[in-house]
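So you can see what is in the structure, the chains are spelled out below.
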Amino acid sequence: MKLVATDLDGTLVRTDRTVSPRTVAVLRRLSRAGVVIVLVTGRPIRWISPVYDQLGISALTICVNGAATYDPGTDTIVHSAPLEADVLAEACARLRATVPGVVFAVERDGGRQMRHEPGFPVGPWEANHGSVGPAPLDELLSRPAAKLLVRAGVQPADEFTARVGACLHGLAEATNSSPNGMVEVSAAGVTKASALARVARTHSLEAADVIAFGDMPNDLPMLAWAGRGVAMANAHPAVRAAAHDVTETTNEDDGVAAYLERVYAH
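Residues numbered from 1 in each chain as written. Predicted model: local features only at pLDDT ≥ 70, side-chain atom pairs only at ≥ 80, totals over all residues. Heavy atoms only, no water.

### Here we look at helix H5 (residues 157-167)
Thought 1: Of the positions making up H5, those classed as buried are Ala157, Phe160, Thr161, Val164 and Cys167. All buried residues of H5 lie within an arc of 125° about the axis, which places them on one face of the element. Exposed and oriented more than 90 degrees from the buried face of H5 are Glu159 and Ala166.
Thought 2: If you follow the buried residues of H5, they end up packed against helix H3 (85-98), strand S9 (147-151), strand S10 (172-175) and strand S11 (183-187). (Buried < 20%, exposed > 50% of the residue type's maximum accessible area, 1.4 Å probe, protein only. Helix = DSSP H or I, 4+ residues; strand = E, 2+ residues; numbered from the N terminus. Arc of directions from axis to C-beta. Contact = heavy atoms within 4.5 Å.)

Listed below in structure tokens is the structure:
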């Protein structure tokens, strides 16, 4: 395997938002040995810097579920695949017509900025963030967005994702990465897998050269595409069932690091 792709939350990152020294050491060793390291996450760009600070390597990062590929060395988005404004408007119109109480937010510029309807719940860590703020729906729909976020009160995550996906069939991709009932919508054909395949091609690599780690439904396309897709021991049941392999331990106990130490023992 010449490329290691890993999700962050629930996979590489622990619940306290830290990356273990063991994991840092393994990734640095592989990077020095010429293995390509790619971070692949649903996170927006504005949430990435704490991970870079801990890893100490400038790994290319696929953000917002594949809609933006970010180079930390140059602080630039090297590839973008947003929801165009007309598609965004159609998606919101369909959902507002069929889902009671639905509210929206959008991630823009790879997630450097977030705008949300006033009724959309925002985490306390972002309540006073300068790049996050409320806006009316027409302003949300005025320009392309990396990702559309959909909420409708407390919802069972998988069932609500399926409902949103059915409503947007043929128009956009719907997935989730948490149990809190928020659905993440990307442009049609845009997934972690599509972005990772593009990065692999820039290194003249194919799926067979790639090992990928993940834990939630938004990781499923990437794990299916990779030559070896590995689910975390703590992964969503559907992810464990679909993966080629499962780590012996969770993200809390160096699951990725332990697996990589076995794969790259020499």
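### Structural notes on the packing of aromatic side chains
Thought 1: Enumeration over the complete set of coordinates arrives at two aromatic pairs.
Thought 2: Ring centres of Tyr52 and Tyr70 lie 6.4 Å apart, and the angle between their planes is 35°; on these two criteria the pair is classed as tilted. Linking Tyr52 in helix H2 (residues 49-55) with Tyr70 in strand S4 (residues 68-71), this pair joins segments that are 18 residues apart in sequence. Comparing Tyr52 with Tyr70, the two get one shared label, buried.
Thought 3: Ring geometry for Phe213 versus Tyr259: centroids 5.6 Å apart, planes at 85°, classification edge-to-face. Of the two residues, Phe213 is situated in strand S12 (residues 210-214) and Tyr259 in helix H9 (residues 255-263); the sequence distance between them amounts to 46 residues. (Phe/Tyr/Trp six-rings, centres within 6.5 Å; stacked < 30°, edge-to-face > 60°.)

### A few points about the layout of surface pockets
Thought 1: The computed volume of the largest pocket comes to approximately 1,100 Å³.
Thought 2: Contributing to the lining of the largest pocket are 44 residues, with Asp9, Arg43, Trp47, Trp125 and Ser178 lying nearest its centre.
Thought 3: Residue assignment for the lining of the largest pocket shows that the elements contributing at least two residues are H2, S9 and H5.
Thought 4: Taken together, the residues of the lining of the largest pocket break down into 16 nonpolar, 14 polar and 14 charged. (1 Å grid on protein atoms, 1.4 Å probe; cavity = no way out; pocket = protein on both sides within 12 Å on 5 of 7 lines; lining within 4 Å. Points joined across faces, edges and corners; volume = space filled by probe spheres on them. Nonpolar A, V, L, I, M, F, W, Y, C, P; charged D, E, K, R; others polar.)

### Observations concerning the sheet that holds S12
Thought 1: Spatially, S5-S4-S3-S2-S1-S12-S13-S14 is the arrangement adopted by the eight strands of the open sheet, whose pairing is mixed. At either margin of the open sheet sits one strand with a lone partner, and together these are strand S5 (76-80) and strand S14 (245-246).
Thought 2: Strands strand S1 (3-6), S12, strand S13 (228-231) and S14 of the sheet are contacted by H9, whose axis makes an angle of about 160° with S12. (Pairing = 2+ DSSP bridges. Axes fitted to C-alpha atoms, helices over the stretch in contact; angles between N-to-C directions.)

### Quick look at the packing of helix H1 (residues 21-32) against H9
Thought 1: Following both chains from N to C, one finds H1 and H9 inclined at 40°, their axes separated by 8 Å at the closest point. Judged on the interaxial angle alone, H9 and H1 are oblique. In the packing of H1 onto H9, the handedness of the crossing is left-handed. Where H1 abuts H9, its residues Arg22, Thr23, Val26, Leu27, Arg29 and Leu30 lie against Ala257, Ala258, Leu260 and Glu261.
Thought 2: A breakdown of the residues in the contact of H1 with H9 according to their chemical character gives six nonpolar, one polar and three charged. (Parallel < 35°, antiparallel > 145°, perpendicular 65-115°, else oblique. Left-handed = near helix turned anticlockwise from the far one by under 90°.)

### What about the sheet that holds strand S7 (residues 113-116)?
Thought 1: Pairing within the open sheet is mixed, and its six strands lie in the order S8-S7-S6-S9-S11-S10. In the strand order of this sheet, the two ends are held by strand S8 (132-134) and S10, each with one partner. Geometrically, the sheet is characterised by an average inter-axis angle of 20° between neighbouring strands, direction not taken into account.
Thought 2: Taken together, the four bridges between strand S6 (residues 103-108) and S7 define a ladder with antiparallel strand orientation. Bridge pairing in S7 links Glu107 to Met114.
Thought 3: Across the sheet, H3 lies against S6 and S9, angled at about 160° from S6, the strand it touches most.

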